[in-house]
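# What the coordinates show
One letter stands for each residue in the lines below.
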Amino acid sequence: MRRKSLFVIAVMLTSLIASVPAAMAQTDCKTIVPASPWGPNDQTGATNRVTPAVTKAAAAEIKDGKVVVMSYPLTDGIPLFGTRFTKTILTATTLAPGGALGENQLTYMEDTWLSQSHVGTHLDGMGHIGRKDCYYNQTPMGKFITQNNMTKLGLEHLKSFATRGVLVDMVKVYQAANKFKGNSACKKPCLEKGTVITKADIEAGLKMYNVTLREGDILIIHTGWGNLFEQFPAQNAVYNSGEPGIGKEAGNWLVSQKIVAVGSDTWGVEVIPGEDPKEAFIVHNILLTDAGIHIIENVRTDLMAAEADQTKRATFFFSMTVPKAVGLTGNFVAIEGIR
Amino acid sequence: MGRALRTPALPGGRRRCVMWVNLAWLLLLPWLGGTVLLAFAQERRYTVAFANLTEEPGTTLEGTGFTGRDVRESFVLAVRRYPIDLVFYDNQRDPRKALANVEDAVARKVDLYIQYLDDPATNIKVGQRLRGAGVGVLAINTPVPDAPLYTMDNRVAGRIAGEALSEYGGRNWRGLPTIGVVLGHLQAQAHRVPERAQGATEGLKRHLPAIRIIPVDTQGNPAQVAPLLAKVLASHPSTKILVAAMDDASALAAKIALESAGRVPDGAIVGQGVDRSVHGGMNDRKEIDPSNRGSIVVGSVAFYLDRYGYEILPLAIRMLRGETVAPRTVTAHRLITAANVFIEYPPYDMN
């Protein structure tokens, strides 16, 4: 009887000790990252806001069917963040003499694409950015990663991005406010790196085209910095050395606007160097980790900015498909603005 | 008199109307007042002059690896959060130029002058001229009489390095013969290196009170580190060596000297400064790097000249707003190691 009691106590103690790390991790994340407004099981984030009504309302932006390209070419040599790389390899063996198949002499080609997922025009998913090991919706990510991918917060959980896009032209805003400071490496006007785009700047950009943000929108910020991307590879080093972008105040304000995503013609959307040298990519935390709002980087914005300038209309139907890439933290995307 | 001020009686409906109007005014007034105040606060911008020590390319400051450009850039970035327009001057380490800069700033009617010049005599004249013109002054590293001073603390920085080495020696080599080496341009009074060396000596004795300390003076030539240190190493075989380098260039040179002598297992080095020659971006793979935790360069003490703007402009804005500022504000020196370098200096440059 006594031995049995000791056994039970031992089992209980073992269970208690074994459960401590998991319990601690969860407790920690609850103090580090806010809960999702869509519940404890939410892995979707801000695309929850893209309801049928939102998509239907966005469709009203299509007036004449004009499609504006909003992504950059995806090719070797474009500016890449840190150690990222791309390499394409063409397989064309059937083009070799005697390689064609059958009497119909069928030939084929295919590619091997070696790359990280966050290259070119791309979407940051929920699993991209966290605080310590705490990610969106208080997810203790250490428990949900394998050698190959994440078992939580992957792109497969995202809903549609079929919503209204709103462009703000920061070049025009800064020029109008007589505070424009450019970079000589840009062939078209661009804001200088380190320029902090504020809430007031975004509001001025919206006012310029008489637009108000509404829940479910995607905000696209034209800074002109993307002109350096277009010059790849000549200006890659300048492009990567910093960027104009939104600061913390603007990031927090965008969260309050309940948008789905914010994109820009820069590699990180937020201002680099940041406002506080001891903080690392803090606006990524504000948007992605805390609010589930996606960040879309290296968006080609110049064509839509020109279109808006010409037509005095800065809204469009935002067309972007994100692959159901299971367990991925992000992926390159193609975006079209339809008017 | 009381009768004259009395409001005539109003019919009930009209009285209610007046009451509602008054209530509306009561609610609106604070809002209007707030708006006016906010507009005033937003409109008030200050013009601040920053006269840098020198911006000559390649010239390093204060016995560290930082340049005047690093200091200037920190002001450019830090000012983004303040209602301040900066006017930049280069003192060129030249008293005449410094005085000419002050005259220009007075003519521009700047609100505040931040003086960075290592010439006390000139700083006295600068202070007198600015005070006469009613312009506030804030001094960096070398005092201007009666002006708040922001300054590094070389002795504390040296002590941090010495204590780190002493703690390392006590932890890893307890009971083994160990010497301390204080290495660098030890007589550089202008850069207050002797204070740094004194602090390092004090720190080395913290956990190893009986340690013998050998000063090795490079006369400011890092190329002298290898031959001078080689002599010390040769005369101390089978001895552990804790090297308190007075700057990062000397620390890196000491590492090479220990490698050349095959004495890496016998050495530990701490530098001073923490400029980008020892830490870098995500891909730089510099000496102080999370992926290089085994380096015998245990760390370096941060001087943060590349953060001066972030440290000094908050003092400036407080002075401009009429708030009290301490007469002396000191850099919070810290030991930067592979374990905290990415926290202290998060990499953002993605090249």
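These numbers were taken from a predicted model, which means no experiment stands behind them.

Before going further, it helps to spend a moment on the overall build of chain B. Secondary structure assignment for chain B yields eleven helices and twelve strands. Evaluated residue by residue, chain B yields a buried proportion of 42% over its 351 residues. Nonlocal contacts in chain B, meaning residues at least 24 apart in sequence, comprise 77% of its contacts between residues at least 6 apart.

Right, let's get into the overall build of chain A. Along the backbone of chain A there are nine helices and 15 strands. In terms of its C-alpha atoms, chain A occupies a principal-axis envelope of roughly 90 × 65 × 40 Å. The buried share of chain A, reckoned over its 339 residues, is 41%. Put simply, 80% of the contacts in chain A that link residues at least 6 apart link residues at least 24 apart.

With that settled, consider unusual backbone geometry. The residue after A:F232, namely A:P233, is reached through a cis peptide bond having omega 0°. The topology assignment puts A:P233 in the loop between α5 (226-230) and α6 (236-240). Along the chain, A:I272 connects to A:P273 via a cis peptide bond; the corresponding omega equals -5°. You can see A:P273 is positioned in the loop between β11 (261-264) and α8 (282-291). Unlike most non-glycine residues, A:N137 shows phi in positive territory, near 60°. Along the polypeptide, A:N137 turns up in the loop between β5 (134-135) and β6 (139-140). Of the residues examined, A:N137 has 25 C-beta atoms within 10 Å and is grouped as buried. A positive phi angle is found at B:D146, which is not glycine, with a value near 65°.

What follows is about the interface of chain B and chain A. Each partner contributes to the interface: chain B provides 13 residues, whereas chain A provides 17 residues. Here the side of chain B that touches chain A is built from residues that sort into six nonpolar, two polar and five charged.

Our focus in this paragraph is the pairing of strand β13 (residues 315-320) of chain A. All names here are of chain A. Of the pairings in the sheet, the one linking strand β7 (residues 163-169) to β13 comprises four bridges and is antiparallel in character. Residue pairing across strands places T163 opposite F318, the latter belonging to β13. By the bridge criterion, four bridges tie β13 to strand β15 (residues 335-338) in an arrangement that is antiparallel. Across the sheet, F317 pairs through a bridge with I338, a residue of β15.

As a further point, take the domain arrangement of chain A. Bring the parts together and some accessible area is lost; that lost area is often taken as the interface size. Residue and element names in this part refer to chain A. Splitting chain A by domain gives domain 1 (32-81 + 118-338) and domain 2 (85-117). Between domain 1 and domain 2, the C-alpha centre-to-centre distance is 35 Å. It is strand β14 (residues 330-332) that contributes the most residues to the side of domain 1 that touches domain 2, three residues altogether. Looking at the side of domain 1 that touches domain 2 residue by residue, the class counts come to four nonpolar, five polar and one charged.

Here we come to the packing of helix α3 (residues 68-78) of chain B against helix α10 (residues 308-320) of chain B. All names here are of chain B. Packing of α3 against α10 brings their axes to within 7 Å, and their N-to-C directions diverge by 55°. Comparing the axis directions of α3 and α10 gives the class oblique. Once α3 is placed against α10, the crossing between them reads as right-handed. Along the contact surface, α3 presents V71, S74, F75, L77 and A78, while α10 presents Y308, G309, Y310 and L313.

Here we come to the environment of B:G65. All names here are of chain B. By the element assignment, G65 lies in the loop between β1 (46-52) and α3. The exposure class assigned to G65 is buried, which follows from the 23 C-beta atoms found within 10 Å. Linking G65 and V274, residues 209 residues apart in sequence, is a C-alpha distance of 7.7 Å. In this structure G65 touches T60, D247, D248, A249, G273, D275 and S277, once residues within four positions along its chain are discounted.

Glancing now at the sheet that holds strand β3 (residues 112-115) of chain B. All names here are of chain B. Strands sit in the order β2-β1-β3-β4-β5-β11 across an open sheet of six strands; the sheet is parallel. Looking at the sheet topology across the chains shown, the edges are occupied by β2 (84-90) and β11 (328-330). Going from strand to strand, the sheet's axes swing by 20° on average, the running direction of each strand aside. Bridge analysis of strand β5 (residues 149-151) against β11 gives three bridges, and the strand direction is parallel. Bridge assignment links Y150 to a residue of β11, and that residue is T329. Seen against the sheet, α3 touches β1 and β2 and runs at an angle of roughly 170° to β1.

Backbone hydrogen bonds are what pair the strands of a sheet, in a parallel or an antiparallel way. Residue and element names in this part refer to chain B. On the basis of which strands lie adjacent, the open sheet formed by six strands has the order β7-β6-β8-β9-β10-β12 and mixed pairing. The two strands at the open ends of the sheet, each matched to only one other strand, are β7 (212-217) and β12 (335-336). Bridge count between strand β6 (residues 178-184) and β7: six bridges; the pairing is parallel. Counterpart to V181 in the pairing with β7 is I214. Helix-sheet contacts for helix α9 (residues 248-260) involve β6, β8 (240-245), β9 (267-273) and β10 (297-302), and the interaxial angle to β9 is about 160°.

With that settled, consider the confidence of the model for chain B. Caution applies to low-pLDDT regions: their predicted coordinates should not be interpreted in detail. Residues and elements named next belong to chain B. Per-residue confidence for chain B averages 89 on the pLDDT scale, and 86% of its residues sit at or above 70. Contacts of residues 1-10 to residues separated by more than four positions or lying in other chains number two contacts, the stretch itself having pLDDT below 50. Across the interface, the model reports ipTM at 0.80; the global pTM reads 0.84.

B:Y113, B:I114, B:L138, B:L183, B:A244, B:A254 and B:I269 are the most contacted members of the largest nonpolar core, which totals 90 residues. At seven residues, α9(B) tops the list of elements feeding residues into this core. Three or more residues apiece are contributed to this core by two domains, here domain 2 (46-152 + 307-320) and domain 3 (154-302 + 337-344) of chain B. Residues contacting B:L183, with those up to four places away along its chain left out, are B:V216, B:T218, B:V225, B:L229, B:V243, B:A244, B:A245, B:M246, B:S250 and B:A254. Core analysis: the second largest hydrophobic core is formed by 77 residues, A:V173, A:Y174, A:I197 and A:V269 among them.

Looking now at the packing of helix α4 (residues 95-108) of chain B against helix α5 (residues 120-132) of chain B. Residue and element names in this part refer to chain B. Orientation of α4 relative to α5, taken along the N-to-C sense of each, is 10°, at an axis distance of 10 Å. The angle between α4 and α5 falls in the class roughly parallel. For α4 against α5, the interelement crossing comes out right-handed. Note on element contacts: α5 touches α4 through T122, K125, V126, R129 and L130, opposite P95, A98, L99, V102 and V106.

Time to look at the confidence of the model for chain A. Summing up the model confidence of chain A, the mean pLDDT is 92 and the portion of residues at 70 or higher is 92%. Between residues 13-27 of chain A, whose pLDDT stays under 50, and residues either more than four places distant or in other chains, the model counts five contacts.

All names here are of chain A. Along β11, one buried face is formed by A261 and G263 and the opposite face, lined by V262 and S264, is buried too. Strand direction decides the pairing type here: strand β9 (residues 218-222) and β11, joined by four bridges, are parallel. The residue bridging I220 from the neighbouring strand is G263, located in β11. Judged from the three bridges that link them, β11 and strand β12 (residues 294-297) form a sheet pairing that is parallel. If you follow G263 over to β12, its bridge partner there is I296. The parallel pair β11 and β12, bridged by α8, forms a crossover whose chirality is right-handed.

Cut-offs used in this document
Residues numbered from 1 in each chain as written. Chains lettered and ligands numbered in written order. Predicted model: local features only at pLDDT ≥ 70, side-chain atom pairs only at ≥ 80, totals over all residues. Helix = DSSP H or I, 4+ residues; strand = E, 2+ residues; numbered from the N terminus. Buried ≥ 20, exposed ≤ 12 C-beta atoms within 10 Å, placed from the backbone. Contact = placed C-beta atoms within 7 Å. Nonpolar A, V, L, I, M, F, W, Y, C, P; charged D, E, K, R; others polar. Pairing = 2+ DSSP bridges. Domains from an automatic or database assignment. Axes fitted to C-alpha atoms, helices over the stretch in contact; angles between N-to-C directions. Parallel < 35°, antiparallel > 145°, perpendicular 65-115°, else oblique. Left-handed = near helix turned anticlockwise from the far one by under 90°. pLDDT = per-residue confidence, 0-100. Core = buried A, V, L, I, M, F, W, Y, C linked by C-beta atoms within 7 Å. Right-handed = clockwise from strand over helix to strand, strands pointing away.

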